[in-house]
Amino acid sequence: MKTALTIAGSDSGGGAGIQADLKTFAAHGVYGMSVITAITAQNTVEVRSVQNIDEQIIQDQIEAVFDDLKVDAVKIGMLSSPSIVTTVAETLAKYQPNHIVLDPVMVSKGGHRLLAEDAISALKEELMPLADIITPNIPEAEILTEQKILNELDMKSACISFKKLGVKSVLLKGGHLSTDPNDLFYDGENFYWVKGKRVHTKNTHGTGCTLSSAIAANLAKGNTLLTSVQLAKAYIEVAIEHSLDLGNGHGPTNHFYELYKRAHLMNQ
Ligand SMILES: Nc1ncnc2c1ncn2[C@@H]1O[C@H](COP(=O)(O)OP(=O)(O)OP(=O)(O)O)[C@@H](O)[C@H]1O
Ligand SMILES: Cc1ncc(CO)c(N)n1
């Protein structure tokens, strides 16, 4: 059985964070494990409060997993504070996992900070170089590269800036531009557009978490980075197309559609 580990925050509403990651792993037939970095009291509308987990317990969780279980891929999401970033970077460096997908989560859809401002430099210096791929959205890429991204040409230039920052490869998500959500994959040498069709829905809670976990699941299954990115993009498109109208805010992505379809239980 292939396995994947998510290191991320918990979303009580079940749409993003650890919960989205584990659902994505399961939908890919990959055994999921989790290291919780922070607990958010969150629903489809808002993040009400956040409790960071003690660094020692974060380190213990990572060690408990790696000392006993095989880890085919790691996905990293919400890290909250500078000391959590450092703990995760130092502990992972000890185990050198095969594949690390880093989603540099900064702000929730509702505008709540999920990474402290003073943690950004630690993320850039300590964690980004360890990752095999990072998956920023446009606002995150603007902060990390300190440049404006207004169009597809700017997206290419931001990818080159990431390489200068020591990043191995990037999937720069175009969902925040007004055009179709075309993402740009840069492996440090070549650019590949991973094109999408915009689904007109408000139910996009957890899209970034779902995409990065789907990349990790596909890497765990032995796919190349480019194939993993392409398969993950196809997965997120279906998950958004069939997103769930739950709650009063941004409803969650649908991980059950693919599963049910595979089991021939869904007649759509
Ligand atoms: N309305 C949409 N229709 C189709 N695809 C979309 C839509 N919105 C985003 N995407 C795609 O979904 C994936 C996740 O991107 P997005 O930019 O939403 O991530 P994010 O902003 O990091 O999400 P989150 O708020 O969960 O952190 C990308 O491949 C993006 O192109
Ligand atoms: C716990 C958590 N991680 C990531 C995101 C980003 O969508 C969120 N809203 N909540």
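None of these values were measured; they are calculated from a predicted model.

Caption draft 1: Layout of the site of ligand 1. If you check the shell around ligand 1, you find 17 residues, and the closest are Lys109, Lys173, His176, Asp183 and Thr207. Take Pro181: an N or O atom from its main chain is 3.4 Å from an oxygen atom of ligand 1. One nitrogen or oxygen atom from the side chain of Asp183 is found 2.5 Å from an oxygen atom belonging to ligand 1. Contributing elements (two or more residues each) for the shell around ligand 1: helix H7 (207-220) and helix H8 (225-241).

Caption draft 2: Summary view of the packing of helix H2 (residues 55-68) against helix H3 (residues 82-95). The geometry of H2 relative to H3 is characterised by a closest axis approach of 9 Å and an angle of 20° between their N-to-C directions. Here H2 is positioned roughly parallel relative to H3, judged by the angle of their axes. In this structure, the crossing between H2 and H3 has a hand that is right-handed. Seen from H2, the contacting residues are Glu55, Ile58, Gln59, Ile62, Glu63, Phe66 and Asp67; seen from H3, they are Ser83, Ile84, Thr87, Val88, Thr91, Leu92, Lys94 and Tyr95. Broken down by class, the residue content of the contact of H2 with H3 amounts to 7 nonpolar, 4 polar and 4 charged.

Caption draft 3: Broad picture of the pattern of salt bridges. Following the criterion strictly, the structure yields 11 salt bridges and no others. Ionic pairing is found between Lys173 and Asp103, a salt bridge with its closest N-O pair at 3.7 Å. Taken as a pair, Lys173 in the loop between strand S7 (170-172) and strand S8 (183-186) and Asp103 in the loop between strand S5 (100-102) and helix H4 (120-127) lie far apart in primary sequence, 70 residues in all. The class of Asp103 is buried, set by a relative accessible area of 3%. Note that Lys233 is salt-bridged to Asp183, the shortest N-O span being 3.2 Å. Of the two residues, Lys233 is situated in helix H8 and Asp183 in strand S8; the sequence distance between them amounts to 50 residues.

Caption draft 4: Here's a closer look at helix H6 (residues 152-164). Taking 1.5 Å per residue, 13 residues should reach 18 Å; H6 reaches 19 Å between its end C-alpha atoms and fits that length. The set of residues buried in H6 consists of Met155, Ala158, Cys159, Ser161 and Phe162. Buried positions in H6, seen along its axis, are confined to an arc of 160° and lie on one side of it. Exposed residues pointing more than 90 degrees away from the buried face of H6 are listed as Leu153 and Lys164. In the core, the buried residues of H6 are packed alongside strand S6 (133-134), helix H5 (138-145), S7, S8 and strand S9 (191-194).

Caption draft 5: Examining the side chain of Asn218 more closely. Residue position: Asn218 is located in helix H7. The exposure class of Asn218 is buried, given its relative accessible area of 4%. Look past the residues within four positions of Asn218 in its chain and what remains in contact with it is His28, Asn223, Ser228, Leu231 and Ala232.

Caption draft 6: Just the nonpolar core, in detail. Of all hydrophobic cores here, the largest spans 44 residues; its most connected members are Leu5, Ile7, Ile76, Leu79, Val88, Leu127 and Leu172. For this core, the leading source of residues is H3, giving 5 residues. Those residues within four positions of Leu172 in sequence are excluded, and the remaining contacts are Pro136, Asn137, Ile138, Ala141, Ile149, Met155, Ala158, Cys159, Asp183 and Leu184. Within the second largest apolar cluster, 23 residues are counted, among which are Val194, Ala220, Val229 and Ala239.

Caption draft 7: Structural view of the environment of Phe25. Note on placement: Phe25 falls in helix H1 (residues 17-27). Ignoring anything within four residues of it in the chain, the contact list for Phe25 reads Ala4, Leu5, Thr6, Val30, Gly32, Met33, Lys75, Ser213, Ala216 and Ala217.

What counts as what
Residues numbered from 1 in each chain as written. Chains lettered and ligands numbered in written order. Predicted model: local features only at pLDDT ≥ 70, side-chain atom pairs only at ≥ 80, totals over all residues. Heavy atoms only, no water. Near = heavy atom within 4 Å. Polar contact = N/O pair within 3.5 Å; in protein donor to acceptor, adjacent residues only side chain to side chain. Helix = DSSP H or I, 4+ residues; strand = E, 2+ residues; numbered from the N terminus. Axes fitted to C-alpha atoms, helices over the stretch in contact; angles between N-to-C directions. Parallel < 35°, antiparallel > 145°, perpendicular 65-115°, else oblique. Left-handed = near helix turned anticlockwise from the far one by under 90°. Contact = heavy atoms within 4.5 Å. Nonpolar A, V, L, I, M, F, W, Y, C, P; charged D, E, K, R; others polar. Salt bridge = Lys/Arg side-chain N within 4 Å of Asp/Glu carboxyl O. Buried < 20%, exposed > 50% of the residue type's maximum accessible area, 1.4 Å probe, protein only. Expected span 1.5 Å × (residues − 1). Arc of directions from axis to C-beta. Core = buried A, V, L, I, M, F, W, Y, C linked by side-chain atoms within 4.5 Å.

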